[in-house]
Amino acid sequence: MESAIPDGVYLQVPGVELLGADPKFSPGLALTSDWAVYSLFREQAVDCAQANSPSFPPPLNDLSRPLIAAGHIDFLQCADAAQTWLEYAMPMVRQINRNQEPPDLDAEPSNAPDMEETAELVAIAIDLLRQIPSYTHATYVQDNSVVTQYVVKIPTLRPAANQE
């Protein structure tokens, strides 16, 4: 689906609204004469494609050279989103499990994952995401060579804040 944005167009992946996701979730591509920005959120892609776009961390901060590929992941925001999802989804899963009838006495054992154990593993993964604030990379041509630079911020490995 195509919609106009300042100085360009936004191409959204069709059918996302059928998933019942948050309406802000809108994977797509913002295209202007200067930028092609892929993002999971329309507003974020449009903001990055504007002349007053946010500053990028190294190695993306040098906008004077043409890039072949580039990317930036803010793991702290990913962890926050995953935590929100976990807090939203788990009460519903628990309620569904409570509403199910118990299996027959002669039924085969279930191979379904234990939801509480799964939630605990997801919480551990969220804590791990919080240990790596961001990942940034840029690929470009320099002196007839393809160069890829990346920066992974890992300030220090430390226990999660809620553990003592």
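In the block above lies the structure referred to throughout.
These numbers were taken from a predicted model, which means no experiment stands behind them.

Observations concerning the sheet that holds strand β6 (residues 134–142)
Okay, step 1: If you walk across this open sheet you meet the 3 strands as β5-β6-β7, and the pairing is antiparallel. Two strands in the sheet have a free side with no partner beyond their single neighbour: β5 (69–74) and β7 (145–153). Geometrically, the sheet is characterised by an average inter-axis angle of 10 degrees between neighbouring strands, direction not taken into account.
Okay, step 2: In terms of strand pairing, β6 meets β7 through 9 bridges, oriented antiparallel. What sits directly across from Ser-134, in β7, is Lys-153.
Okay, step 3: With respect to the sheet, helix α2 (residues 75–99) is in contact with β5 and β6, its orientation differing from that of β5 by roughly 50 degrees.

Things to note about the environment of Glu-120
Okay, step 1: Among the secondary structure elements, Glu-120 is positioned in helix α3 (residues 115–130).
Okay, step 2: Between the alpha carbons of Glu-120 and Leu-86 there is a distance of 9.9 Å; along the sequence they are 34 residues apart.

As for the sheet that holds strand β1 (residues 2–5)
Okay, step 1: Spatially, the 4 strands line up as an open sheet ordered β1-β2-β3-β4, and their pairing is antiparallel. Two strands close off the open sheet at either side, each with one partner strand: β1 and β4 (36–41). Across the sheet, the axes of successive neighbouring strands diverge by a mean angle of 25 degrees, strand direction being ignored.
Okay, step 2: The pairing of β1 with strand β2 (residues 8–12) spans 4 bridges and is antiparallel. Paired with Ser-3 across the bridge in β2 is Tyr-10.

Re the nonpolar core
Okay, step 1: By size, the foremost hydrophobic cluster in this structure holds 8 residues: Ile-5, Tyr-10, Ala-30, Val-37, Ala-45, Val-46, Cys-48 and Ala-49.
Okay, step 2: Take this core: its biggest share by element is 4 residues, from helix α1 (residues 42–49).
Okay, step 3: Excluding residues that lie within four positions of it along the chain, Ala-49 makes contacts with Ala-30, Thr-32, Trp-35 and Val-37.

Quick notes on the packing of α2 against α3
A pair of packed helices is captured by two measures, namely the crossing angle of their axes and the spacing between those axes.
Okay, step 1: The contact between α2 and α3 brings their axes to 9 Å, and the two run at 170 degrees. Relative to α3, α2 is oriented roughly antiparallel. Between α2, through Phe-75, Leu-76, Cys-78, Ala-79, Asp-80, Ala-82, Gln-83, Leu-86, Met-90, Val-93, Arg-94 and Asn-97, and α3, the contact on the second element is made entirely by Met-115, Glu-116, Ala-119, Val-122, Ala-123, Ile-126, Leu-129 and Arg-130.
Okay, step 2: When the residues that make up the contact of α2 with α3 are grouped by side-chain class, the tally is 14 nonpolar, 2 polar and 4 charged.

Digging into the pairing of β2
Okay, step 1: Hairpin connection between β1 and β2: a loop of 2 residues separates the two successive antiparallel strands, and Asp-7 in this loop has a positive phi of roughly 65 degrees.
Okay, step 2: Taken together, the 5 bridges between β2 and strand β3 (residues 25–32) define a ladder with antiparallel strand orientation. Counterpart to Gly-8 in the pairing with β3 is Thr-32.

Section: α2
Because an α-helix completes one turn every 3.6 residues, residues spaced three or four positions apart along the sequence face the same direction.
Okay, step 1: The terminal C-alpha atoms of α2 lie 36 Å apart, and with 25 residues this matches the ideal 36 Å at 1.5 Å per residue to within 8%.
Okay, step 2: Maximal helix bending in α2 amounts to about 25 degrees, located at Ala-89; proline Pro-91 follows within four positions.
Okay, step 3: Tucked inside the fold, the buried residues of α2 contact β5, α3 and β6.
Okay, step 4: Between a side-chain oxygen at the N-terminus of α2 and the backbone nitrogen of Leu-76 the separation is 3.1 Å; the capping residue is Asp-74.

A short note on unusual backbone geometry
Okay, step 1: Backbone geometry at Asp-7 places phi at a positive 65 degrees, although glycine is not the residue there.
Okay, step 2: Positionally, Asp-7 belongs in the loop between β1 and β2.
Okay, step 3: The exposed category is assigned to Asp-7, whose relative accessible area is 69%.
Okay, step 4: Unusually for a residue other than glycine, Asn-144 sits at a positive phi of about 60 degrees.
Okay, step 5: Here Asn-144 shows up in the loop between β6 and β7.

Criteria and cut-off values
Residues numbered from 1 in each chain as written. Predicted model: local features only at pLDDT ≥ 70, side-chain atom pairs only at ≥ 80, totals over all residues. Heavy atoms only, no water. Pairing = 2+ DSSP bridges. Helix = DSSP H or I, 4+ residues; strand = E, 2+ residues; numbered from the N terminus. Axes fitted to C-alpha atoms, helices over the stretch in contact; angles between N-to-C directions. Contact = heavy atoms within 4.5 Å. Core = buried A, V, L, I, M, F, W, Y, C linked by side-chain atoms within 4.5 Å. Buried < 20%, exposed > 50% of the residue type's maximum accessible area, 1.4 Å probe, protein only. Parallel < 35°, antiparallel > 145°, perpendicular 65-115°, else oblique. Nonpolar A, V, L, I, M, F, W, Y, C, P; charged D, E, K, R; others polar. Expected span 1.5 Å × (residues − 1). Bend = angle between axes of the 7 residues up to and from the residue. Polar contact = N/O pair within 3.5 Å; in protein donor to acceptor, adjacent residues only side chain to side chain.

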